[in-house]
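# Structural features, examined
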Amino acid sequence: MGENKRLASLQQDALQMHASGRPGKIEIAPTKPLTTQRDLSLAYSPGVAAPCLKIHEDSNFAYDYTAKGNVVGVITNGTAVLGLGNIGALAAKPVMEGKSVLFKRFADIDGVDLEVTTEDVDEFVNCVRYLGATFGGINLEDIKAPQCFIIEQRLRELMDIPVFHDDQHGTAIVTAAALINALDLTGRTLKDVKVVVNGAGAASIAGAELLKAMGLPHDQLIMCDTKGVIYQGRQEGMNQWKSAHAVATKARTLDEAMDGAHVFLGLSVRDAVSQDMVRAMADQPIVFAMANPDPEILPEDVMAVRGDAITATGRSDYPNQVNNVLGYPYIFRGALDVRASTINEPMKIAAAEAIAALAREDVPDEVDAAYANVRLRYGPEYIIPVPFDPRLIESIPPAVARAAMDTGVARKPIAIMDAYKRELAQRLDPTAASVQAIFKTLRENPQRVIFAEGEEERSIRAAVAFRNAGLGTPVLIGREEVVRQQIEEIGLHGAEHLEIHNARLSKTREDYIDFLYKRLRRQGQMLRDCQRLVNQNRNVFGACMVAHGEADAMITGLTRSFYTCFSDIELVLDRKPGEQVFGLIILLMRGRTLFIADTSVHEMPEPEVLADIAVQTAAKARQMGQEPRVAFLSFSNFGNPMREKAQRIRDAVAVMDTRDDVDFEYDGEMTADMALQPNLLEQFYPFCRLSGPANVLIMPALHTAHIGARLLQQIGAGTSLGPLLMGLSQPVEIVQMRATVNDLVNAAALTAHEAVRRNHPKDAAPAQAAQ
């Protein structure tokens, strides 16, 4: 019953997310300015005639003058959607939009979803084949077998652009990558092992074909379906694709096939494999139980009978998640960038080998930091990269592109591969990957987070979303009867089980009063003042819970200004020794992330304080995957003009020059345009120590920081995180009063992640500085 309520609440949140603002998840945005009459005359009539004529002369010019080379059609007929089955083309549109978003997020590819309302193979093929001029590639999705095999094969024959059915090949490639490393760890090769595949759908058949192309002997793979082993001579439930994998064997059931097998690949249904089957496998068995959402056998059940096993699943809550997102965005990226005419077997193998090779490399500190300082190191529990590893985009596409070039299907070979890799690294901002990885870390290390304004509707909804996302346990502060009434009024499923604390009824209230009185009695506070604060001030009560270890972190700010909330929290929590308390806003924009400080606390910081803020912000930037380049901002550039009010900023740079522990680039004073445009610095101030555009902006005063950050937020310059409250002894975030439910969930996740980081001290990772 509890699981049903959790699912109902998740579905309600999903509906609200899809309907809020502009419905759906995607939009089209121009890449060229369209603000003047001349802009319009160039983009459309009459100027647009020039590229049209060029393309008419030579169709290859379409890649130079249009977006064709970066556009992939995400196409379905809705006959095999996720776990929903045949729900039709239109009902599949949210999934196709989601796929398009993932293309953009992970590989900067513009995915355009198309839902084709037919189950007839000929009609579908004819619809798609005539759209080839529009796209650089075609990603087929959620089409049932065996029609998917026919559709893909025919389109590959008819079209001169890559056609790729991800349900088949994406899963196959990522599975192969994981298997490469599992075999390496157990000292075996594909020629040495007996493989059992359970399931004979699109992914299973594609996986078997890929493994055989990589060197697995045909007779060493046994495939099973719902009728049992696919053996030579079987008639029941067969088709040409299954027959291609029939082998001569006496085994007739999965149980019999598993006897002595080295590898099990499951793409079937939950509980298909028993512990007895695993027990009967060869030494050091490799068990990839990839049925979703529930695997054929849980990893803990495998390890209970075979401690020498290596396991993988399709789930994010276990090590070694076989996730298609490791494959298809980057495979298409490489194929598009060389204008490949197809995605062939060597390109798929190259992708699998590149994914496997990345897992064997040393994992950067920022990736470890994003996963709560878990040391991701090549071994049985890390045979495949994590989905948010920012190195994926610079590792897989070059391998795919090289394979396309080597096999003669690349129409625009890459001349300098190292330059291409640098270009790929700049396409995506690693900070975005770190932010999303935070959520995965919290699912593995859930925290107790105080929602101080527990009677507010937004707070209640955010608490439910936080809990349902598996990020931890939300704790609402408020009067239980008021909270319950709010829950009833908004009809929020699952909220009735939220944990609620009322200060006046708390069993620990007296302990908190005593604690607070000892802190404040020499600061003008009497005992009754402390009683009033604990009983009536939810920020104080919540902070006391955190201070006493009854919660890990806290968020507040919906109903009171930042300064009121900060004053409340300061009564309970100290700053960390040797650090400044300040506000940090992280602005995530297309291709760039900015860290802006101090946006909240210090009105006119002295040079030493500015230097401290710079050091702490640089550490946070490193934790988020950025190499910090710090600019101390002012209205002047390096003494031009030489004004007294800029001297404080120049002095801060001088303070930095005296510090031995500064291991990042910094300079100033400089104006914002100089800081963000390195070509201007190189032209006018070639002596500047920044090697690229600044990503850490240290503001000269609170008013400039606050105005500038809020202005960027309001004009939609990017996604804003924060202000993060840096430097406190315990993790607390103060959100803006206008914060949405999504803002609250993000804030709770960020502060909870900081709690995880503090509870898992860094090993030897210099980038993992404390907040």
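Small disclaimer: the values here were computed from a predicted structure and weren't measured.

## As for the overall build of the protein chain
Tallying secondary structure elements over the protein chain gives 31 helices and 21 strands in all. In summary, the protein chain has a C-alpha radius of gyration of 29 Å against a globular reference of 28 Å for 771 residues, a match within 12%. Projecting the C-alpha coordinates of the protein chain onto the three principal axes gives extents of approximately 90 × 70 × 50 Å. Counting every position in the protein chain, which comprises 771 residues, the buried fraction comes to 54%. Of the contacts made within the protein chain by residues no fewer than 6 positions apart, 71% connect residues no fewer than 24 positions apart.

## Observations regarding a nonpolar patch on the surface
A cluster of nonpolar side chains, L82, L84 and I87, forms an exposed patch at the surface whose accessible area comes to about 300 Å². Relative to the elements of secondary structure, I87 occurs in the loop between strand 1 (71-76) and helix 5 (93-107). Looking at I87, the relative accessible area reads 30%, which means it is partly exposed.

## As for the sheet that holds strand 12 (residues 472-477)
With respect to topology, five strands assemble into an open sheet ordered 13-12-11-14-21, the strand pairing being parallel. Each edge of the sheet is formed by a strand with only one pairing partner; in this case those strands are strand 13 (499-501) and strand 21 (732-734). Across this sheet, the average inter-strand angle for adjacent strands is 25°, counted without regard to direction. Pairing of strand 12 with strand 13 involves three bridges; the strand directions are parallel. By the bridge assignment for strand 13, L476 is matched with I500. Strands in contact with helix 24 (residues 538-547) are strand 11 (447-451), strand 12, strand 13 and strand 14 (553-556); relative to strand 14, the strand with the most contacts, it is inclined by about 165°. Its contacts with the sheet place helix 31 (residues 741-759) against strand 11, strand 14 and strand 21, and it is angled at close to 135° to strand 11.

## Regarding the pattern of salt bridges
Applying the stated rule across the entire model yields 41 salt bridges. Salt-bridge contacts for R519 lead to D574; the nearest nitrogen and oxygen are separated by 3.1 Å. Residue R519 is located in helix 22 (residues 509-520), and its partner D574 is located in the loop between helix 25 (562-570) and strand 15 (582-589); the two are separated by 55 residues in the primary sequence. Among the ionic pairs, E754 bridges to K620, the shortest N-O distance being 3.9 Å. Of this pair, E754 sits in helix 31 while K620 is found in helix 26 (residues 607-623), placing the two residues 134 residues apart along the sequence. Given a relative accessible area of 5%, K620 falls into the buried group. Salt bridges linked by common partners bring R270, D271, D294, R315 and D317 together as one network.

## What to know about the packing of aromatic side chains
Counted under the stated rule, the structure contains 14 aromatic pairs. Between F103 and Y328, the ring centres sit 5.1 Å apart and the planes meet at 70°, which makes this aromatic pair edge-to-face. In this pair, F103 sits in helix 5 while Y328 sits in helix 14 (residues 328-337), placing the two residues 225 residues apart along the sequence. The exposure class assigned to Y328 is buried, which follows from its relative accessible area of 2%. Judged by centre distance (5.2 Å) and plane angle (45°), the rings of F638 and Y685 are tilted. Here the residue F638 occupies a position in the loop between strand 17 (629-633) and helix 27 (647-657), and Y685 occupies one in the loop between helix 29 (678-684) and strand 19 (696-698), the gap between them amounting to 47 residues. What makes Y685 buried here is its relative accessible area of 14%. Taken together, the ring pairs in this structure connect F103, F164, Y328 and F332 into an aromatic cluster.

## Points about the confidence of the model for the protein chain
Here the protein chain averages 90 in pLDDT, while 94% of its residues score no lower than 70. Throughout residues 761-771 the model reports pLDDT below 50, and contacts reaching past four residues in sequence, or to other chains, amount to 35 contacts.

## A look at unusual backbone geometry
With omega at 5°, the peptide bond leading from A145 into P146 counts as cis. Tracing the backbone through its elements, the reader meets P146 in the loop between strand 3 (137-140) and helix 7 (147-158). Cis geometry marks the peptide bond from G668 to E669; its omega dihedral reads 0°. The phi angle at Q284 is positive, at roughly 50°, despite the residue not being glycine. Note on placement: Q284 falls in the loop between helix 12 (275-279) and strand 9 (286-289). Note on Q284: relative accessible area 34%, which makes it partly exposed.

## Observations regarding the nonpolar core
Of all hydrophobic cores here, the largest spans 100 residues; its most connected members are I138, L140, F288 and M347. When residues no more than four places from it in sequence are discounted, the contact partners of L140 are I75, F124, I151, E152, L155, V163, F164, H165 and D166. Of all hydrophobic cores here, the second largest spans 61 residues; its members include L442, I613, V630 and V653.

## Considerations on the side chain of D166
Inspection of the secondary structure puts D166 in helix 8 (residues 166-185). Owing to a relative accessible area of 1%, D166 belongs among the buried residues under this scheme. Among the polar contacts listed, one links the side chain of D166 to the side chain of K99, at a separation of 2.5 Å. Excluding residues within four positions of it along the chain, D166 makes contact with K99, N139, L140, E141, T171, N324 and Y328.

## So, the sheet that holds strand 3
The strand order 2-1-3-4 describes an open sheet built from four strands, whose pairing is parallel. Edge strands, defined here as strands with exactly one partner in the open sheet, are strand 2 (110-115) and strand 4 (163-165). Ignoring which end each strand starts from, the neighbouring axes of this sheet average 25° apart. Two elements, strand 3 and strand 4, share three bridges in a ladder whose sense is parallel.

## Here we look at helix 27
What sets the pattern is the α-helix's 3.6 residues per turn: residues three or four places apart point alike. Regarding helix 27, the residues found buried are R648, I649, R650, A652, V653, V655 and M656. Buried residues along helix 27 sit against helix 26, strand 17 and strand 18 (665-670).

## A word on the packing of helix 8 against helix 9 (residues 202-213)
In helix packing, the relevant descriptors are the interaxial angle and the interaxial distance, both defined with respect to the helix axes. For the pair helix 8 and helix 9, interaxial distance at closest approach is 8 Å and the crossing angle is 50°. Considering their axes alone, helix 8 and helix 9 lie oblique with respect to each other. For the crossing formed where helix 8 meets helix 9, the hand is right-handed. Note on element contacts: helix 9 touches helix 8 through A202, A203, A206, G207, L210 and L211, opposite D167, Q168, H169, T171, A172, I173, A176 and L179. For the contact of helix 8 with helix 9, the residue count by class is nine nonpolar, four polar and one charged.

## Here we look at the pairing of strand 14
Burial along strand 14 is two-sided: A553 and I555 and M554 and T556, pointing in opposite directions, are all buried. Note that strand 11 and strand 14 share three bridges and pair parallel. In the strand pairing of strand 14, V449 is matched with A553. Bridge analysis of strand 14 against strand 21 gives three bridges, and the strand direction is parallel. The residue of strand 21 that forms the bridge with I555 is E733.

Cut-offs and rules
- Residues numbered from 1 in each chain as written.
- Predicted model: local features only at pLDDT ≥ 70, side-chain atom pairs only at ≥ 80, totals over all residues.
- Heavy atoms only, no water.
- Helix = DSSP H or I, 4+ residues; strand = E, 2+ residues; numbered from the N terminus.
- Rg over C-alpha atoms; globule rule 2.2 N^0.38 Å.
- Buried < 20%, exposed > 50% of the residue type's maximum accessible area, 1.4 Å probe, protein only.
- Contact = heavy atoms within 4.5 Å.
- Patch = residues over 30% accessible without salt bridge, like charges linked within 9 Å, V, L, I, M, F, W, Y side chains within 5 Å.
- Areas by Shrake-Rupley, 256 points an atom, 1.4 Å probe, with all protein chains shown as cover.
- Salt bridge = Lys/Arg side-chain N within 4 Å of Asp/Glu carboxyl O.
- Pairing = 2+ DSSP bridges.
- Axes fitted to C-alpha atoms, helices over the stretch in contact; angles between N-to-C directions.
- Phe/Tyr/Trp six-rings, centres within 6.5 Å; stacked < 30°, edge-to-face > 60°.
- pLDDT = per-residue confidence, 0-100.
- Core = buried A, V, L, I, M, F, W, Y, C linked by side-chain atoms within 4.5 Å.
- Polar contact = N/O pair within 3.5 Å; in protein donor to acceptor, adjacent residues only side chain to side chain.
- Parallel < 35°, antiparallel > 145°, perpendicular 65-115°, else oblique.
- Left-handed = near helix turned anticlockwise from the far one by under 90°.
- Nonpolar A, V, L, I, M, F, W, Y, C, P; charged D, E, K, R; others polar.

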